[in-house]
Amino acid sequence: MCGIFGYLGSRQASNILLDGLRRLEYRGYDSTGIAVKDETIQIYKKVGKVGDLETILPSQIDGTVGIAHTRWATHGVVSDANAHPHRSANGKVVIVHNGIIENTRQLRTSLTVQGVELQSDTDSEALAHVIERELSVDNNPENAVRRTLHLARGTWGLCVLFLEYDMIVCARNGSPLIIGQGDGEMFVSSDPHALTPYTQRVVFLEDGEMATLTKNQMSLSTIKGKNFDPSITVLEDDWGESELGEYPHFMLKEIYEQPDALRHCISGRLDRVRGNGRLGGLKLEPRDLAKVPHVRLLGCGTAFNAAEIGQMLIEKLARIPAVAHISSEFRHNDPVINPNALHFAVTQSGETADTLSAVKEIQLKGGSVYGVVNVVGSSIARECGKGVYIHSGPEQAVASTKAFSNMVAALSMFALQVGRSRATSKEQGKDLINGLQQIPHLIEEYLENQGPILEAVEMIKDAKCVLFLGRGISAPVAKEGALKLMEIAYIPCLAYPAGEMKHGPIALLEEGSPVVFIAPNDHVKVKTISAMHECKARGARIILIHEEGDDIASEADISIPVPQVHSLLSPLLTVIPTQLIAYHTALALGCNVDRPRNLAKSVTVE
Ligand code: M6R
């Protein structure tokens, strides 16, 4: 979604801003722009990619202070005029803004009455004009921004550039903003990954906070005007390159990174001797775990699918009722919160607005939430204050792959840890640990020999609709496979627990309809086979993901075997062919695999 990058120092700002924008590209956007201050503030903005913006830039842009933006349209169509930065009427104030200004209509009306002509349809532009007006009151940029934000309602990650001052004023409310401290230079971004090539020393602004940056100094205050000292976080180096390397697409690279990602996730977190998990971040004693009445897991999209698997693992191993909830629904249903229950927010980016709101709802009602998060220092990780990092390394493709696997692995370790204090024996624990430790190698083995993925692609690439079916722990895998194919190849997909098929989706089947079955060798396989027969009897063609050596293979038109594994961990293997099918189908259809239309990597609006 929208991204911000800002720089002030002694170097020419424009190249640094462009580099920052490229590092934000993976988040998804429709237009970009930069503003650089010298004698004037020059603004360049354009619909399309950062590469398109570069085509309109002069060969040299002088100026050592600037701000830049990637926009993902919310208010106003995708157009050059609506792209950020936006300038005030006298050209002396320029802003970039992430988030939504809810009372923009009111602000715009009052500006129009004062004779201001707005140049865009965005909710953001009004802020630039109000800041200009407030600046004329006392010529104090920080106070002008502060007073403006007192008039605004909504969410913001905001950076403001002033023609007459060598500074950037920033503010955060509900949309992340991180300050990077360099040597005689300052950076600011909505995404810590964009800062790490320049500095590891960062300050995460919290909601209601502001920062005034000069090249040598940052002064922090609350929006109410109380000053405070910066608390510097030193970012650790993420494992994994954020560059493509030898791969044509980030999605493929990230599919192949799954074995190593899983090794990072489980490393040091398994106690083989006691057959137990060792997730330090949970900060829970066995006696507390024994008293937990129920568990709730929250997530969106892929994270929700992983949470559903977590729900089953927790119920199975710990014998505690567990439910996965879609975050965007959660707070609107006025949920009853039991303070003794365990709540988990599952998220790759740690910035998903729907999940963040669900976390706040639980906290408001006296509950506490553990984060199961990939991005270190992200808003949800900090809001929860406890939990586990899944250590997937940077995930750049919009379609989430390695984060899914690591969410499942982290939740399985959690289920084991709670299970060992309740219902799971040491031997069962050791079994699961064995299984988990084998997974990275088994995925490598599968990736060496992927089976007839391209045949499956041929079968589905021109289909009107693809049905994905699985039972038990494979039902969320079916959902994940459908989500992946739909989001990057734009093929309508439905996913159902296989037993539900005969209650409705069966009506869609006609001669040649492709149906993808996920059927590992577990206790529900026989039931899944019945559903498969029902599909075949109606002319459907079956793509079957199953375990190696299983004679179920003979039931399929296209059979894709994966290595055998502990039955509770089968999603970590069965999901891989679904990722590859989605990837190769998108390629075959000429789709933009890493940046599918309309989607954003991190969805920071509700
Ligand atoms: O960053 P999060 O894990 O919270 O993101 C949640 C979803 O937006 C995300 O999983 C989305 O569904 C992906 N594009 C799926 O590939």
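Please read these numbers as outputs of a predicted model, since none were measured by experiment. Position labels on residues start from 1 in each chain and follow its written sequence. With the structure being a predicted model, the display of local features is reserved for residues of pLDDT at least 70 and the display and counting of side-chain atom pairs for 80 or more, all residues being used for whole-chain, interface and lining totals. As a convention, hydrogens and water are excluded, and side-chain values are obtained from all of the structure's heavy atoms.

The 5 strands are arranged β24-β23-β25-β26-β27 in an open sheet whose pairing can be described as parallel. Edge positions in the sheet fall to β24 (493–497) and β27 (558–562), since each of these pairs with one other strand and no more. Each strand of the sheet is rotated relative to its neighbour by a mean of 15°, with strand direction disregarded. Strand direction decides the pairing type here: strand β23 (residues 466–470) and β24, joined by 5 bridges, are parallel. Following the sheet pairing, Val466 is matched in β24 by Cys493. For two strands to be treated as a pair, DSSP must find no fewer than two bridges joining them. Secondary structure elements are taken from DSSP: a helix is a run of H or I of four residues or more, a strand is a run of E of two residues or more, and numbering for both begins at the N terminus. Each axis is a line fitted through C-alpha atoms, and for a helix only the stretch in contact is used; angles between axes span 0 to 180 degrees, taken between their N-to-C directions.

Pairing of aromatic side chains requires ring centres within 6.5 Å, counting the rings of Phe and Tyr and the six-membered ring of Trp. Pairs whose planes differ by under 30 degrees are stacked, by over 60 edge-to-face, and all others tilted. As enumerated under the stated definition, the model contains 8 aromatic pairs in all. Relative to Tyr165, the ring of Phe162 lies with its centre 6.2 Å away and its plane at 90°, an arrangement referred to as edge-to-face. Relative accessibility decides the category of a residue: with a 1.4 Å probe and only protein chains considered, values under 20% of the type maximum give buried, values over 50% give exposed, and everything between is partly exposed. Its relative accessible area of 0% is what places Phe162 among the buried residues. Taken together, the ring pairs in this structure connect Phe5, Tyr7, Phe187 and Tyr198 into an aromatic cluster. One residue, Lys49, lies across the ring of Tyr29, its end atom 4.6 Å from the ring centre. Above the plane of the ring of Tyr370 lies Lys386, whose end atom (NZ or CZ) is 4.7 Å from the centre. Criterion for a charge above a ring: Lys NZ or Arg CZ within 6 Å of the ring centre, and within 35 degrees of the ring normal.

On to the pairing of strand β19 (residues 322–326). As paired strands, strand β18 (residues 295–299) and β19 are joined by 5 bridges and run parallel to one another. In the sheet register, Leu297 faces β19, and the bridge partner there is Ala324. Looking down the strands as they point away from the viewer, one classifies a crossover as right-handed if the path from the first strand across the helix to the second runs clockwise. At this point the chain moves from β18, through helix α10 (residues 301–318), to the parallel β19, and the crossover so formed is right-handed.

This part is about unusual backbone geometry. Cis geometry is found at the peptide bond from His84 to Pro85, where omega equals 0°. One can find Pro85 in the loop between β4 (65–71) and β5 (86–87). For Asp334, which is not glycine, the phi torsion reads 45° and is therefore positive. Position of Asp334 among the secondary structure elements: in the loop between α11 (327–330) and β20 (342–347). Residue class for Asp334 comes out exposed when judged on its relative accessible area of 55%. With a phi angle near 60°, Tyr490 is a residue other than glycine that sits in the positive phi range. As for its placement among the helices and strands, Tyr490 is situated in the loop between α17 (475–489) and β24. A relative accessible area of 27% places Tyr490 in the partly exposed class.

Any Lys or Arg side-chain nitrogen found within 4 Å of a carboxyl oxygen on Asp or Glu counts as a salt bridge. Tallying each qualifying case throughout the model produces 29 salt bridges. Here the residues in one salt-bridge network are Arg133, Glu134, Asp138 and Arg147, joined through shared partners.

Counting buried positions along strand β26 (residues 541–547) yields 6 of 7 residues, so the element is predominantly enclosed. As defined by bridge partners, strand β25 (residues 514–519) adjoins β26 across 6 bridges and the pair is classed as parallel. Residue pairing across strands places Val516 opposite Ile543, the latter belonging to β26. Regarding the hand of the β-α-β motif, the stretch spanning β25, helix α18 (residues 525–536) and β26 is right-handed. With 5 bridges joining them, β26 and β27 adopt parallel strand pairing. When the bridges of β27 are listed, Ile545 appears paired with Ile560.

These domain boundaries are the output of an automatic or database domain assignment. Domain annotation of the protein chain identifies domain 1 (2–234), domain 2 (245–448) and domain 3 (450–606). With centres defined by C-alpha atoms, the gap from domain 1 to domain 2 works out at 34 Å. Across the domain 1 to domain 2 interface the summed buried area is about 830 Å²; carbon plus sulfur atoms make up 51%. The term buried area denotes the loss of accessible surface (1.4 Å probe radius) that occurs when two parts are joined, taken as the sum for both partners. Of all residues in domain 1, Tyr26, His193 and Phe204 bury the most surface against domain 2, accounting for 51% of the area lost on that side. Across the domain 1-domain 2 interface, the total number found is 2 salt bridges. For the salt bridge of Glu206 with Arg382, the shortest nitrogen-to-oxygen distance reads 2.6 Å. Pairs of N or O atoms are called polar contacts if they sit within 3.5 Å, as long as, within protein, a hydrogen donor faces a hydrogen acceptor (for residues adjacent in sequence, only side-chain-to-side-chain pairs). There are 3 residue pairs in polar contact (both at pLDDT 80 or more) connecting domain 1 and domain 2. Three categories are distinguished: nonpolar for Ala, Val, Leu, Ile, Met, Phe, Trp, Tyr, Cys and Pro, charged for Asp, Glu, Lys and Arg, and polar for the others, with Gly belonging to the last. The residue inventory of the side of domain 1 that touches domain 2, partitioned by class, reads 5 nonpolar, 1 polar and 3 charged.

The next subject is the sheet that holds β20. Strand order in the open sheet formed by 5 strands is β19-β18-β20-β21-β22, and the pairing between neighbours is parallel. This sheet does not close on itself; its edge strands, each paired only once, are β19 and β22 (387–389). Ignoring strand direction, the axes of neighbouring strands in this sheet form an average angle of 20°. Where strand β21 (residues 369–373) and β22 come together, 3 bridges link them in parallel fashion. Pairing of Gly371 across the sheet is with Gly387, part of β22.

Right, let's get into the site of the ligand. The criterion for a residue being near a molecule or strand is simple. One of its heavy atoms has to lie within 4 Å of it. By nearness alone, 15 residues border the ligand, and Thr347, Gln348, Ser349, Thr352 and Glu487 come closest of all. Lys484 places a side-chain nitrogen or oxygen 2.9 Å from an oxygen atom of the ligand. Computed by Shrake-Rupley with a 1.4 Å probe, the accessible areas treat only the displayed protein chains as cover when residues are assessed. Bound to the protein, the ligand loses 92% of the 410 Å² it would expose on its own. Mapped by element, the contributors of at least two residues to the shell around the ligand are α10 and α17. Of the residues contributing to the shell around the ligand, the split by class is 6 nonpolar, 7 polar and 2 charged. Looking at which domains feed residues into the shell around the ligand, each of domain 2 (245–448) and domain 3 (450–606) gives three or more.

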